[in-house]
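The chain contents come next:
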Amino acid sequence: MLGLGEQGRLVQKEIWAVGGGKGGTGKTYLSASLAIGLAKLGKRVIAIDADLGCANLHTALGADPPAATLSDFIKGRMKTLSEVLGETSFPTLRLISGAHDFLEIANPKHTEKMRLIRQIQDLDVEYIILDLGAGTAFNSLDFFLAADRGILTVIPEPTSIENVYRFIKSAFYRRFKRAVRHPDMKALVSCAMDQKNERGIRTPHDLMACVEAIDSEVGGRLRKTMAEFSPKLVVNQVRSQDDAALGLSMRSSCSKYFGIHVEYLGFVEYDDCVWRAMKRKRPPVMEYPDAVSSRGTGTVLANLLKGEQIAFDLCVRG
Amino acid sequence: MKPFREQNYYELLDVRPNAEKEVLAKAYEAAKRAFAGDALASYSLFDPGERQALLARLAEAWRTLSDPALRVRYDEDVLGIRSSVGPPAEGAVPGPRPMAFSYADLPATGVTGSALRSRREAIGVPLQEIALNTRISIAYLQFIEEDHEKGLPHEAYLRGYLTQYARAIGLDPHTVADGYLRHLRILRSGKR
C-alpha cells in the first residue's frame, strides 16, 4: 500500500494482521516475533495491539505498559494515533497498546473502529503489525480485512483447526458483502452465512456460483475481487512431521472445499524456550535467537518478505 | 483455486504438471491421509458423501497419472499440453514402483536380509533414501540386509527399524518384522 508520510513523501507501507480464531494459538507470540524480526532488519515498524478486550502485546515485546493506549484514542482523549505511540527497547519498533481499562472499549462503535482503521492506514512507517483478538467478532474480521496480508495461526488440534476454517469463511463473507452494492446480493450473503439456508449455499464457492447465475457480470467482477482473498497460514506448536504437513493439508482442503486460495507460510516447532522466555516476560526471539522456534518464525518472516510460501510439491512424510 | 469438482488431476494432487512419478506417488499418499474420515485437516469440512466423491476423484487422478500412456493422453486431450514426461520408450518398460503391499513374492519364512535387499533393488529404492526418510542410520540398514547379527541393535529397537524399512519398500511391516526376527533367532541358534 502506498501512503503519504508526515512530510508528504510517498512511503511503501505494508500492514500485516495476525489472527486465527482460537485463543492460545500464538497470535501475540507471532506478532511480537515478526515485529522484532523486522526491527532487527532495520525496518521502521509499529506493532498495534488490536485485541481490544485482552491486550498484552506489550508484555510479549518485553515493554512496560505504556502510559497512553488505544482507549485514549477511541474515546477521543487523544486526537491522533501518533500520540499514543509507545517506545520499545528497539529503536525502530514502536508500539500502540490495546485498551486496559474500559470494558466497553472491547466493542467500539462502527464509526470509532473505522476512524481507527483509517488512521492506522495513515501511519508513517514501513510495516504495521496488527495483533488481533481471538474469535470471529466483526472487530477481528475488519482489522484482518484492512490488512495487506492476513496471517492465521493454527495449532494441530481439532478446535483450533475448526476455528480457523470458520474465521476464513466469515472473513470471506464479510469481504464479499462489502464488495457488492445491490441489496439483493447483500441479502444473499446474509442468507449464505446461515449454515442451514434454504438455497443450499454451503461454501463460498456455492455463493459465487449463485451470484453468477443471477448476474454474470457482477459475478465475474466479484470472482476477480475474491481471488485476491488469500489468507496466510502458520502452524504453531509443531511436534511431528504430520503436524508440519497439516498446513499443506489445510491449504488443499480450503481449495477443494471453499475454493479459497490459502498460502502456507511455514511452521513453528513446539519449544520450551518460548515458555521459559515468556515466564520472564522476555521475547523468545531475543532470549533464544537460535532456538528452533525462533528459526521457525524467522522462516515465516522471510517468506512474508519474499512473498513466497512452502514449496508446492513438498510432502512431509510422517 | 477451484473446488475439487473443477480441479484437474494435477491440482487435485497438489503437484505441478511436470511432476515426476515419485512425487505423484507421495502426493497421492498424502492426499489420501489428508482426506481420510478422521483426518485433522478435513474432518470438519466434508460430509461423508462429498468425502467419498473426493477420494474417488483422487483415486481416478492417481490411476491416470501413474500410467505413462494414460497420462500422455490426459495431458494432451484434457489439458491440451504436450506431456513433459514423454511416452514410454519402446522395449524399456521401467515398471512403476509397487506402492501397494505385494508380499506374495516373499513368503513369511523366507524373510532374510538378502531377500529384502533384492526386493529393494528390484523396485529401485536406494538405501540412502530409506535412511533419509526413516532417519535410521544407514549402517543399521546395511546390517539388516547383510544379516549382520553382531551389528544389529537390541530386538526392541530392531523391530521398529524393520517395520519402517518394510514400509519404505512397500511390504507389510508386521510380517517383515516377525519373519526377520524369527530368521535371526534361527541364525543365532545355529551358531551356538
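See above for the structure.
Given the structure is predicted, the values throughout are model-derived calculations rather than measurements. (Residues numbered from 1 in each chain as written. Chains lettered and ligands numbered in written order. Predicted model: local features only at pLDDT ≥ 70, side-chain atom pairs only at ≥ 80, totals over all residues. Heavy atoms only, no water.)

## Some points on the overall build of chain A
Applied cut-off: The helix count covers DSSP runs of H or I at least four residues long, the strand count covers runs of E at least two residues long, and both are numbered beginning at the N terminus. Exposure is judged per residue with a 1.4 Å probe applied to protein chains only, and the accessible area is read against the type maximum: over 50% gives exposed, under 20% gives buried, and values in between give partly exposed. Two residues qualify as a contact provided that any one of their heavy atoms is within 4.5 Å of a heavy atom in the partner residue. Where accessible areas are quoted, they stem from the Shrake-Rupley method and a 1.4 Å probe; at the residue level, only the protein chains shown are allowed to cover.
Looking only at helices and strands, one finds 13 helices and 10 strands in chain A. By residue count, 56% of the 318 residues in chain A fall in the buried class. Expressed as a percentage of contacts within chain A between residues at least 6 apart in sequence, the contacts between residues at least 24 apart total 74%. Of the accessible surface of chain A, which amounts to about 13,800 Å², a share of 52% is contributed by carbon and sulfur atoms.

## Quick notes on the pattern of salt bridges
In plain terms, the rule: Note on definitions: salt bridges are taken to be side-chain nitrogens of Lys or Arg within 4 Å of carboxyl oxygens of Asp or Glu.
By the definition in use, this model includes 23 salt bridges over all chains. Asp-142 of chain A is the salt-bridge partner of Arg-178 of chain A, the closest N and O atoms lying 2.6 Å from each other. With Arg-178 of chain A in helix α6 (residues 158-179) and Asp-142 of chain A in helix α5 (residues 138-146), this pair connects stretches of sequence that are 36 residues apart. Residue Asp-142 of chain A is classed as buried on the basis of its relative accessible area of 1%. In this structure, Asp-47 of chain B engages Arg-202 of chain A in a salt bridge whose closest nitrogen and oxygen atoms are separated by 3.7 Å. Remark: Arg-202 of chain A occurs in the loop between α7 (183-193) and α8 (204-214) and Asp-47 of chain B occurs in the loop between α2 (21-34) and α3 (48-65); the pair is interchain, linking two chains. Under the relative-accessibility criterion, Asp-47 of chain B is labelled partly exposed at 30%. Within the structure, one salt-bridge network assembled from shared partners comprises Lys-113, Asp-142, Arg-174 and Arg-178 of chain A.

## A closer look at the interface of chain B and chain A
Short version of the rule: Buried area: the sum, over both parts, of the accessible surface (1.4 Å probe) that disappears when the two are put together. Pairing of N or O atoms within 3.5 Å defines a polar contact, subject to two protein rules: one partner must be a possible hydrogen donor and the other a possible acceptor, and residues neighboring in sequence count only if both atoms are side-chain atoms.
The interface of chain B with chain A comprises 29 residues on the first partner and 26 residues on the second. Interface area for chain B against chain A, summed over the two sides, is near 2,500 Å², with a carbon-plus-sulfur share of 58%. Our count for the contact surface shared by chain B and chain A stands at two salt bridges. Linking chain B with chain A are nine residue pairs in polar contact (both at pLDDT 80 or more), by the criterion used here. Sorting the residues of the side of chain B that touches chain A by element identifies α1 (9-13), α2 and α3 of chain B as the ones contributing at least two each. The element that contributes the greatest number of residues to the side of chain B that touches chain A is α2 of chain B, accounting for six residues.

## As for helix α11 (residues 272-279) of chain A
Side chains three or four residues apart in an α-helix point the same way, a direct result of the helix having 3.6 residues per turn. All names here are of chain A. Test applied: It is the directions from the helix axis to the C-beta atoms whose arc is reported.
Along α11, the positions that sit buried rather than exposed are Cys-273, Val-274 and Ala-277. Down the axis of α11, the buried side of the element spans an arc of 100°, and every buried residue falls inside it. Elements in contact with the buried residues of α11: α1 (27-40), α12 (284-287) and α13 (292-306). Here α11 starts with a cap whose side-chain oxygen sits 2.9 Å from the backbone nitrogen of Cys-273, and that cap is Asp-271. Immediately downstream of α11, the backbone of Lys-281 shows phi near 55°, a positive value.

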